Amino acid sequence: MEHKEPILDIKNLSVSFRMYEKGLEQKDLKVISNLNIHVDEGEILAIVGSSGSGKSLLASTVLGILPKNASVTGDMRYYGQPMTIELQQRLRGREIALVPQSVEYLDPLMKTGKQVVGVRGTKEKQRLAFKRYGLQREVEELYPFQLSGGMARRVLVSTAVIGDAKLIVADEPTPGMSKAMAEEAMSNFRTLADEGKGIILITHDIDLAFEYADRIAIFYAGTTVETALAEDFGRGPEALRHPYSKALWEALPQNGFKPIPGTQPYAGSIPGGCLFAPRCLYKTEECLGEIPMRTLRGGEVCCIHAD
Amino acid sequence: MLIEAKDICFSYRKNRSILEHVDFTMDAGERVALVGPSGCGKSTLAQILAGYLKPESGTILFEGKPLPRKGYCPVQLIYQHPEKAVNPRWKLSRTLTEGWEPQEELLKWMGIEKEWLSRYPAELSGGELQRFCIARAMSPKTRCVIADEMTAMLDVITQAQIWDVMLKMAERRKLGLLVVTHRMELAERICTRVVRFEELVEENPANVL
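What you see is a predicted model; the values in this text were computed from it and never measured.

K.L.:
Tell me about the sheet that holds strand S2 (residues 26-39) of chain A, and name the residues and values.
P.N.:
Each strand in a sheet pairs with its neighbour through backbone hydrogen bonds, running either in the same direction (parallel) or in the opposite one (antiparallel). Residues and elements named next belong to chain A. Ordered in space as S2-S1-S4-S5, the four strands form an open sheet in which the pairing is antiparallel. What marks the edges here is a single partner per strand, and that holds for S2 and strand S5 (81-82). Here two bridges tie strand S4 (residues 70-78) to S5, and the two strands are oriented antiparallel to one another. When the sheet's bridge partners are listed, Tyr-78 is paired in S5 with Gln-81. Sheet contacts for helix H1 (residues 55-63): strand S1 (8-20), S2 and S4; angle to S1, the most-contacted strand, approximately 105°.

Below, the structure is given as structure tokens:
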């Protein structure tokens, strides 16, 4: 079989921000480092991980909507073409669509129906999307402040799915939605993926992600620590590779709700070697050295002790 | 009774009422989960109980008296969207100390980094902001916390950490805790009682007739 080019292929991506420290002194704050992911056609890649690990920044990086003080290094390719600023400008909103994380992305002064139609949509498409997500006809005549949290979230999802995007980046599309509605949204993403689109799904609802996604990338402190097959999460901590992924699994309310102590390292004070080492039970001397990403049991892991 | 809401009616638009004759009571030390479909009025009820919205009819009593109109409100609401609950032009140190001065220990428990205090809300992630909103509400004068999808935007480990702190505080201070959530697993894990929003509406005899 001919190997198809992935829709999006990201290698060794780093993102840093230029910040003022004291007076006119500036420093670079690296928030994403050596990140590798790829999305194929017809695939849902779920990205889970700690809050503030750079998941949403990755979304902004893919769309090229980072603030001015950010600098990006590394290799990012869209169907094999290098992703330049001009290409990003051409693609976003057309071939790459975003479901933003914050409901603040809605224009507060525009009725939701009109916002969802946007520049390139049509009324029919918008009504179809609203119907799909269980939003009533009169919702299109409402302003964002009149919506509940879950309704606003469904409006945001509608904006992304009405176009003909090849790649959808969904940044936490489900919080505030009821379980049934979230499952509906997920199965819609699944349908879109089965039609040949690629979907990056950034989420905290791991239990939902593993039911609908193909692969799961686990983020910690600005890098991927593991890429697992979605089934691995269903099988439990033994099937997972990285200690952080196991800890995530065990922290789910239905699996013990067990918090591990500590916080993820702050972007300004990233330790050398393994980023998870300060909180890890299996930590040894070798963890302080360089840790390469390696293939293990059909996934990838960034840990020397994983087996 | 810590909170007693009687016969609450509320509507945002004329003839489209969202809450009709809703009764709700909660005792000190009780942890109640409120679940229900999206857009049914859970957040509205939360805002009414915390005194942010005035019901069209009905009464809300806190320890037998109406909620104080002045000074610190003993019922604190933690919003679903932290980015909407902080002043974008204030540094977070100012937001954090709006109501009281949290001790360093609490900040450590909540996982708040010292460096974040000198930043603006736009420079932090949603999950990081939410920790500030929680710490801000946990003054010793708080008697009841209403958490409206408080941890939906946090990763599961941070969720577990924050609920661990919250539950310990609630236990020690005998706080009332109302948890609005969509996640049954979470509700069953942390709450002593689960209330379905539909039940609140149906139970009232005024609605049966």
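K.L.:
Before we move on, could you go through the interface of chain A and chain B and cite the residues and values that matter?
P.N.:
Contacts between the two partners involve 45 residues from chain A, matched on the other side by 37 residues from chain B. Of the roughly 3,100 Å² buried where chain A meets chain B, counting both sides, 56% is carbon and sulfur surface. When the buried area of chain A at its contact with chain B is split by residue, Pro-253, Phe-257 and Tyr-266 of chain A rank highest and sum to 20% of it. If you look at where chain A meets chain B, you find three salt bridges. Between Glu-185 of chain B and Lys-179 of chain A there is a salt bridge, and its shortest N-O distance comes to 3.4 Å. Where chain A touches chain B, the interface holds six residue pairs in polar contact (both at pLDDT 80 or more). Broken down by secondary-structure element, the contributors of at least two residues to the side of chain A that touches chain B are helix H5 (149-161), helix H7 (206-212) and helix H9 (243-250) of chain A. The element best represented in the side of chain A that touches chain B is H5 of chain A, accounting for five residues. Its residues assigned to classes, the side of chain A that touches chain B shows 18 nonpolar, 17 polar and ten charged.

K.L.:
Which residues make up the packing of aromatic side chains, and what are the values?
P.N.:
For the coordinates displayed, the defined rule picks out seven aromatic pairs over all chains. Relative to Tyr-79 of chain A, the ring of Tyr-78 of chain A has its centre 5.1 Å away and its plane inclined at 85°; by these criteria the two rings are edge-to-face. Accessibility expressed as a relative area gives 3% for Tyr-78 of chain A, which makes it buried. Seen from their ring centres, Trp-116 of chain B and Phe-132 of chain B are 6.4 Å apart, and the 50° between their planes marks the pair as tilted. Here Trp-116 of chain B, found in the loop between helix H3 (104-110) and helix H4 (126-137), pairs with Phe-132 of chain B, found in helix H4; they are 16 residues apart in sequence, far enough to count as distant. The class of Phe-132 of chain B is buried, set by a relative accessible area of 0%.

K.L.:
Help me get a handle on the state of the cysteines, residues and values and all.
P.N.:
Such a bond, covalent and formed between the sulfur atoms of two cysteines, is termed a disulfide. Across all of its chains, the model carries zero disulfides over all chains by this definition. Here Cys-303 of chain A stays unpaired: no disulfide links it, and the sulfur of Cys-274 of chain A, its closest cysteine neighbor, is 6.1 Å away. Cysteine Cys-144 of chain B shares no disulfide, and the gap to the nearest cysteine sulfur, in Cys-73 of chain B, comes to 9.1 Å. Looking at Cys-144 of chain B, the relative accessible area reads 0%, which means it is buried.

K.L.:
Please provide a residue-by-residue account of the side chain of His-242 of chain A, values included.
P.N.:
Residue and element names in this part refer to chain A. Checked against the element boundaries, His-242 lands in the loop between helix H8 (230-235) and H9. The exposure class assigned to His-242 is buried, which follows from its relative accessible area of 0%. Reaching out from His-242, the side chain makes a polar contact with the backbone nitrogen of Tyr-244 at a distance of 3.0 Å. Setting aside residues no more than four positions away along its own chain, His-242 makes contact with Val-225, Glu-226, Phe-276, Val-301, Cys-302 and Cys-303.

K.L.:
How would you summarise the sheet that holds strand S9 (residues 215-220) of chain A if you had to cite specific residues and measurements?
P.N.:
Residue and element names in this part refer to chain A. Read across the sheet, eight strands follow the order S6-S7-S8-S3-S9-S10-S12-S11 without closing on themselves; strand pairing throughout is mixed. Edge positions in the sheet fall to strand S6 (96-99) and strand S11 (294-296), since each has one partner strand and no second. Averaged over neighbouring strand pairs, the angle between their axes works out to 25° when direction is ignored. Here S11 pairs with strand S12 (residues 299-301) via three bridges, running antiparallel. Note on S12: the bridge partner recorded for Arg-294 is Val-301. H1 contacts strand S3 (44-49), S6, strand S7 (167-171), strand S8 (198-202) and S9 of the sheet and is inclined by roughly 150° relative to S7. Across the face of the sheet, H5 comes into contact with S6 and S7 while running at roughly 180° to S6.

What counts and what doesn't
Residues numbered from 1 in each chain as written. Chains lettered and ligands numbered in written order. Predicted model: local features only at pLDDT ≥ 70, side-chain atom pairs only at ≥ 80, totals over all residues. Heavy atoms only, no water. Pairing = 2+ DSSP bridges. Helix = DSSP H or I, 4+ residues; strand = E, 2+ residues; numbered from the N terminus. Contact = heavy atoms within 4.5 Å. Axes fitted to C-alpha atoms, helices over the stretch in contact; angles between N-to-C directions. Buried area = accessible area lost by both parts, 1.4 Å probe. Salt bridge = Lys/Arg side-chain N within 4 Å of Asp/Glu carboxyl O. Polar contact = N/O pair within 3.5 Å; in protein donor to acceptor, adjacent residues only side chain to side chain. Nonpolar A, V, L, I, M, F, W, Y, C, P; charged D, E, K, R; others polar. Phe/Tyr/Trp six-rings, centres within 6.5 Å; stacked < 30°, edge-to-face > 60°. Buried < 20%, exposed > 50% of the residue type's maximum accessible area, 1.4 Å probe, protein only. Disulfide = S-S within 2.5 Å.

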